[in-house]
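The primary structure of each chain is shown beneath.
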Amino acid sequence: MSQFMGPELTHICMEYLDHGISVTDADFNLIFVNLKFLNILDLPPDLMVSGKTHISEVFRFNAERGEYGPGDVEEQVAERMALTEKREAHSFERVRPDGTVIKIVGNPLPTGGFITAYSDVTELSKSRKELEDTNNKLDERVRQRTMELAERRIELSEKATTLETVVQNVHTGLALFDEDLRLSLWNEYFFEIMGFPKDLKVKGTHISAFVDRVYKDKDIGEEFSVEKFSKLKSSIENFESFDKIRKLPDGRYLHSRRESIPGGMLFSFIDVTDQKKAEDVLRHNAELLEEKVEERTQELRKAKEDAEQASKAKSQFLANMSHELRTPLNAIIGFSELLMMDDYSLVDKEKRKEYAADVNAAGTHLLQVINDILDVAKIEANQVNLVEQEIDVRAILDSCVQMISVPAQKREIELIVDCPDPAPLLHADPTRIKQILANLLSNSIKFTDREGYVKTSISYLPDGDIMFSVTDNGIGIAQEYIDHVQTQFGQIHSTYNRNHQGTGLGLSLVRLLTEAHGGYFKLESELGVGTSAHVILPKQRLATLAA
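Residues numbered from 1 in each chain as written. Predicted model: local features only at pLDDT ≥ 70, side-chain atom pairs only at ≥ 80, totals over all residues. Heavy atoms only, no water.

1. Some thoughts on the overall build of the chain
Test applied: The way it works is that DSSP assigns letters per residue, a run of H or I at least four long becomes a helix, a run of E at least two long becomes a strand, and they are numbered from the N terminus. Each residue is placed in one exposure class: buried if its accessible area under a 1.4 Å probe, protein chains only, is under 20% of its type's maximum, exposed if it is over 50%, and partly exposed if it falls in between. Note on contacts: a residue pair is in contact if any heavy atoms of the two residues lie within 4.5 Å.
What the chain contains, in helices and strands, is 17 helices and 17 strands. Buried positions account for 43% of the 547 residues belonging to the chain. Across the chain, contacts joining residues at least 24 apart in sequence account for 57% of those joining residues at least 6 apart.

2. Examining the pairing of strand β6 (residues 173-178)
Test applied: For two strands to pair, DSSP has to find at least two bridges joining them.
Summarising burial for β6: five of the six residues are buried, a large majority. Sheet topology note: the β6/strand β10 (residues 264-271) ladder contains six bridges and is antiparallel. Each residue of the ladder has a partner; that of L174, found in β10, is S268. Pairing of β6 with strand β7 (residues 183-186), which is carried by three bridges, proceeds in the antiparallel orientation. Across the sheet, the residue bridging to A175 is W186, located in β7. Taking the residues between adjacent antiparallel strands as the criterion, β6 and β7 are bridged by four residues, where L181 takes a positive phi near 60°.

3. Remarks on the side chain of S457
On the secondary structure map, S457 appears in strand β14 (residues 453-460). According to the relative accessible area criterion, S457 is buried, its value standing at 15%. In this structure, S457 is in contact with D418, M467, F468 and S469, ignoring residues within four places of it in sequence.

4. Structural notes on the packing of helix α10 (residues 207-216) against helix α11 (residues 226-237)
Threshold: To get an axis, fit a line to the C-alpha atoms, keeping to the stretch in contact for a helix; angles then go from 0 to 180 degrees between the N-to-C directions. When an angle is under 35 degrees it counts as roughly parallel; over 145 it counts as roughly antiparallel; between 65 and 115 it counts as roughly perpendicular; any other value is oblique. Left-handed describes a crossing whose near helix is turned anticlockwise from the far helix through less than a right angle; right-handed describes the clockwise counterpart. Ten residue types, Ala, Val, Leu, Ile, Met, Phe, Trp, Tyr, Cys and Pro, are classed as nonpolar, four, Asp, Glu, Lys and Arg, as charged, and the remainder, Gly among them, as polar.
In the contact formed by α10 and α11, the axes pass within 11 Å of each other and the chain directions differ by 155°. Classified by the angle between their axes, α10 and α11 sit roughly antiparallel to one another. Considering the relative orientation of α10 and α11, their crossing is right-handed. In this structure, α10 contributes I207, V211, D212 and Y215 to the contact, and α11 contributes F229, L232, K233 and I236. Counted by class, the contact of α10 with α11 contains six nonpolar, no polar and two charged residues.

5. Observations concerning the sheet that holds strand β17 (residues 530-537)
Strand order across the open sheet formed by five strands is β12-β14-β15-β17-β16, with mixed pairing between neighbours. Either end of the sheet is taken by a strand with one partner, and the two such strands are β12 (414-418) and β16 (520-526). On average, adjacent strands in this sheet sit at an angle of 10° to one another, irrespective of strand direction. In terms of strand pairing, β16 meets β17 through seven bridges, oriented antiparallel. Paired with L523 across the strands is A533, a residue of β17. In the packing of helix α14 (residues 393-403) onto the sheet, the strands contacted are β12, β14 and β15 (466-472), and the crossing angle to β12 comes to about 175°. This element, helix α17 (residues 506-516), spans β16 and β17 of the sheet and lies at about 145° to β16.

6. Quick word on the nonpolar core
Grouped burial of nonpolar side chains is what soluble globular proteins tend to show. What counts is decided by this rule: Only buried Ala, Val, Leu, Ile, Met, Phe, Trp, Tyr and Cys residues count toward a nonpolar core, and they belong to the same one when joined by side-chain atoms within 4.5 Å.
Core analysis: the biggest nonpolar cluster contains 37 residues, and L426, I433, L440, F468, F521 and V535 have the highest contact counts within it. The element best represented in this core is helix α16 (residues 430-446), accounting for seven residues. If sequence neighbours within four positions are ignored, F468 has contacts with V393, L426, L437, S457, I458, A533, H534, V535 and L537. Counting 23 residues, the second largest nonpolar core, distinct from the first, contains I193, I207, I236 and M265.

7. A short note on the pattern of salt bridges
Oppositely charged side chains may form a pair once their charged atoms are brought near each other. To keep it simple, the criterion reads: Criterion for a salt bridge: a side-chain nitrogen of Lys or Arg within 4 Å of a carboxyl oxygen of Asp or Glu.
Within this structure, the stated rule accounts for 18 salt bridges. Here D98 and R96 are joined by a salt bridge, their closest N and O atoms 3.6 Å apart. Its relative accessible area of 8% is what places R96 among the buried residues. The network of salt bridges with shared partners includes D42, R65, E67, R94, R96 and D98.

8. Here's the deal with unusual backbone geometry
Looking along the chain, the bond that leaves D421 and enters P422 is cis, with omega of 5°. With respect to the helices and strands, P422 occurs in the loop between β12 and β13 (425-428). Notably, L181 is not glycine yet its phi reads approximately 60°, a positive angle. The residue L181 is located in the loop between β6 and β7 in this model. Here L181 falls in the buried class, since its relative accessible area comes to 5%. The backbone of E451 sits at a positive phi, close to 65°, despite the residue not being glycine. Secondary-structure assignment places E451 in the loop between α16 and β14.

9. Here's the deal with helix α4 (residues 73-85)
Put simply, the rule is: Every helix has an expected span of 1.5 Å times one less than the residues it contains. Each direction from the helix axis to a C-beta atom contributes to the arc, which is the arc of those directions. Any pair of nitrogen or oxygen atoms within 3.5 Å is treated as a polar contact; in protein, a donor-acceptor pairing is required on top of that, and neighbouring residues in sequence qualify only through side-chain atoms on both sides.
Look at α4: 18 Å from first C-alpha to last across 13 residues, which is about the 18 Å you get at 1.5 Å a residue. When α4 is considered as a whole, its buried residues turn out to be Q76, V77, M81 and T84. All buried residues of α4 lie within an arc of 130° about the axis, which places them on one face of the element. Relative to its buried face, α4 has exposed residues pointing more than 90 degrees away, namely E75 and L83. Against the buried residues of α4 lie α3 (55-64). Between a side-chain oxygen at the N-terminus of α4 and the backbone nitrogen of E74 the separation is 3.2 Å; the capping residue is D72. Trailing α4 by a residue or two, R87 shows a phi angle of about 55°, which is positive.

Spelled out as structure tokens, the structure:
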């Protein structure tokens, strides 16, 4: 059992406690307060006169300065005195006007007086608000501790000392060792929280017995090397202060503190597991928030870059359209004005026929440009409707090759067709499939030098999908531009320095129409070597083979 010590050492110990303490006699006159009591409640020292200051004067002082909120001062004092006169144990928290949260635990004394402990629990209160389950655990522990104190009231009354009551009511493991480092005062919670055996609970036990226990007991100790253990004993023997939060093997967090005081050394141990867990949760949430902020920042940065790229592409498109639309329109207007002339001596019949053909060619080119723009717009707006039917792929392919045969012959470009026999039948939109192949063949002819070749082939992939390929040995595309040329209006050269006409919609249109059929488009190229464009359609679109 714990022991009592002299009044001088008792006073010193109470002044070093991290709790405010007030003790009243049977008439509710204050007979003892420590400095922490004045600091926590922000009370003037001259208000406290031992044996003369009545507790009601403290209530009145607080009421007059608004400590209890708005209301009649005398009614507030009378209300608190009525509760005090019941002489019942109590434990509650109160929020001061400045936001400070204090915890007040009071217990009646066998002599008829009352002892009250005051603690600043502002930080703990904040943690409870942020983590409700931690608050519930702490509340439960307070209730359990109150019940334990009530059950032990008879035992404490037999000890009948004010200091013993104070020490036993503090929810902190406390042990006081004298100048010879022998145990002189302790509370039960000290042995409970540290798990020390009962045989050490004897006044006069040397501190080395406790240190050896910590070193040997894996449940409460930590991994000590011989050198570290020697330094620990040396620091204690030299009365060096210590303050550290450490994690026990059982998962608890213990705030261990030792303080050199006149005539000995005071040890205190507080279980801060709930508070530590709350801090860990808050830290983890902060890290998650930082990750989400970083992810969102990356998304916004990518969106900004995409928007800038889209804006640039639109600007290039408008500049390109200015050229692509004006050129055929100027030709149409110019040649039509010549055809409108009445003087046949200036424009003979043959010239009129030639100009009419030029007007027709310009109109056809202009119509193709407008159709490409409208097709892309419809596909992106999900307004394109595929008119699907069973089609002969070889017939579609021959038709597309025939369309580009004239410009191919003019530039002496060899056209090669590689189609399996029998040719496959495909369930698709014939107009759109023809548009895909025509665009790819037209591009290859446009960017293949004289006496080159353009090869069109149809093959089956290992998984059964069908692949259309258009391969040439033209100028090719640098790797860094492969993705760019597949976007809307994506062209490598600007409107004013590029070598070939076009809107830049061809490959984009091929990709969109391929995807509309459930397939995908793949472009491979090497600068100066040539280009291979592949349209892969799912095997589900294959019908029976052509006879």
